[in-house]
Amino acid sequence: MVTTAQFRQAVRVGPAGDGWHKPALSAVVTLGALNLTLFGLGRLDLALYTAAGGLGALYGHGLPYRAWARTLAGVLLGTVLSTAAALTAAALTRDAAVLVAVAAALAALHKLLCDAARVGPPGSLIITFTSASCAFVPQRLAEVPPHLALTVLGAALAWLVCMAPALVRPYGPERIATARALEAAARLLRTGPGASDAAARTALVGAVEAAWRSLALSAPARRRALGDAPERLLVRAEAALAGPARPEDAARYLGWARDLRRGRPLPSPDLTEAEAAEPAARRPGPRPPLRRALRPGSALLPIALRVAVGCAAAGWLSLALGVGRPYWAVVTAASMFQANSTLSWQRALQRVLGNLLGLLLFTAALPLAHSGPAALIGLGLVCQFGAEATIARSYWLATVFVTPLALLMTEFAGPQPAGTLVADRWLDTCVGALTGLAACLLVTNRRTAARLARALAGAEAAGQRALAAVRADQAASAPEERAARTGLATALLELREATDTAAGEWRRPDLPHRRATATEQQAHHLLAALLERRGRGRLPDPAGPLPDTA
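Summarised in this report is the structure supplied together with it.

Cut-offs and rules
Residues numbered from 1 in each chain as written. Predicted model: local features only at pLDDT ≥ 70, side-chain atom pairs only at ≥ 80, totals over all residues. Heavy atoms only, no water. Helix = DSSP H or I, 4+ residues; strand = E, 2+ residues; numbered from the N terminus. Polar contact = N/O pair within 3.5 Å; in protein donor to acceptor, adjacent residues only side chain to side chain. Contact = heavy atoms within 4.5 Å. Buried < 20%, exposed > 50% of the residue type's maximum accessible area, 1.4 Å probe, protein only. Axes fitted to C-alpha atoms, helices over the stretch in contact; angles between N-to-C directions. Parallel < 35°, antiparallel > 145°, perpendicular 65-115°, else oblique. Left-handed = near helix turned anticlockwise from the far one by under 90°. Nonpolar A, V, L, I, M, F, W, Y, C, P; charged D, E, K, R; others polar.

With that out of the way, let us pick up the environment of Ala-462. Relative to the assigned elements, Ala-462 resides in helix α22 (residues 447-471). Remark: the alpha-carbon pair of Ala-462 and Leu-492, spanning 30 residues in sequence, is separated by 8.8 Å.

Have a look at this one:
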């Protein structure tokens, strides 16, 4: 039963995302250069193929450049391979039912691999959209290599555009990750005790772990040039978990965060002996290997099955209703499937609402789009920028821009009947949303409860190790305490994620909510105790900042 609170949560518009302009500008620069080049050559009809690679510019923002280069290369390689499969299928058959099956299978594979690799936003949806679109463009086998070469060209340009800022601000991602941890510490210090305090503590643990990981992923030479100021600031941010909360500390943390974001010189706060040893020995907790997410019993497999079933059903039903572009229904269904059923129905509501408003926006902009190719390109870039500017605030708000963008892309090949486009898009949206919800109901995911049980056992074991370190007093060595603290933080984050995911699934076993809450509370207390011990005897901050090497 959908509650009023859940409905309000689905349509809520949040604050602007941190760093939203980076993927927005990267995509606009990449697609703008590609589309203007095709326009100059008189081949704007080929824009779909270059866009398939160029949209890769949306991925990986926030990672250090060395890790970003590898991650983006992997995403772009997957995009090229998926596009090749879709184009080959389009060349081998004109049977729309078979092409729907191909698009659905690719969508499930994209979802599984992107979730397993944790590639981050925008996830699998962009790759699914471009590959499904390519599957329904008539091809000859001889045309596949040159069309695929255009995708490779778009991918190469996307990679270069994303890596270009490294020449100007090579340490930007590491500084921003550290700033986020300091801001999370300031929020905790300004939060009163209660449920919000626990959420703020978990958020700080996650931000600190993400920042340590960001620094660990940096190239060794760049990390040495950056200096140890960010690491020392992270030690101080983490110390907020031990308390006591002081308003002046929150203001100091926010000031350091502003300095990090603006490229200013950084202070190097004095630390205790135990705290000073932390940066040299601290290593982020290991990520689960990719094969663990793909093996039998993984909680990701039912989600992938939902995607395959829902996308195939949506496409076939769209065909039965006589819609000319069934891949829109496939993409709509693919966009719905989130970590659990609750998030999936919220996404369905957001998709339908955003598409309805987006169709109104497209209808209003259509006269301008038909005024010439330059206006068509410009409108497409405006919609692309608007989608990325609003996606962090609300999915339905971003869909208001995504819908006309998808419709405008069909106009690149030539003017289309407006009434047919709008009717097909609306019908495909409703079909995709309904079949996606039906797939969530039919394909249950009881493995979320099993994942919660494993996470709970892991958190309890980590808590026992931490408790032994706390009770050992001086007998526990610094490496043992550090290992207990790091393991506890990693287990705490996994427990919180597993609890949230399992709680939103339907037709699942009863969950041990009280046990999970008690374990989480104990973990926070133990983490605070270990950090309080590490911070005993902290010295005052130095008067001035050190020279900035960034």
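One can find Thr-50 in helix α3 (residues 47-54). Looking at Thr-50, its side chain comes within polar contact range of the main-chain oxygen of Ala-47, at 3.0 Å. Apart from the residues lying within four places of it in its own chain, the contact partners of Thr-50 are Leu-34, Asn-35, Leu-38, Leu-150 and Gly-154.

Before going further, it helps to spend a moment on the environment of Ser-131. If you trace the backbone, Ser-131 turns up in helix α6 (residues 125-135). A relative accessible area of 2% means that Ser-131 is categorised as buried. Distance from Ser-131 to Cys-430, taken between C-alpha atoms, is 21 Å for residues 299 residues apart in sequence. Excluding anything up to four places from it in sequence, Ser-131 contacts Ser-82, Ala-86, Leu-106 and His-110. Separated by 2.9 Å, the side chain of Ser-131 and the backbone oxygen of Ile-127 make a polar contact.

Let us now look at the packing of α22 against helix α24 (residues 513-534). The contact between α22 and α24 brings their axes to 9 Å, and the two run at 30°. Between α22 and α24, the crossing angle belongs to the class labelled roughly parallel. The handedness of the crossing between α22 and α24 comes out as left-handed. The segment α22 lies against α24, with Leu-456, Ala-459, Glu-460, Gly-463, Ala-466, Leu-467, Ala-469 and Val-470 engaging Arg-515, Ala-516, Thr-519, Leu-526, Ala-529, Leu-530 and Arg-533. Classifying every residue of the contact of α22 with α24 by side-chain character gives 10 nonpolar, 2 polar and 3 charged.

So yeah, pure geometry; function would need other evidence.
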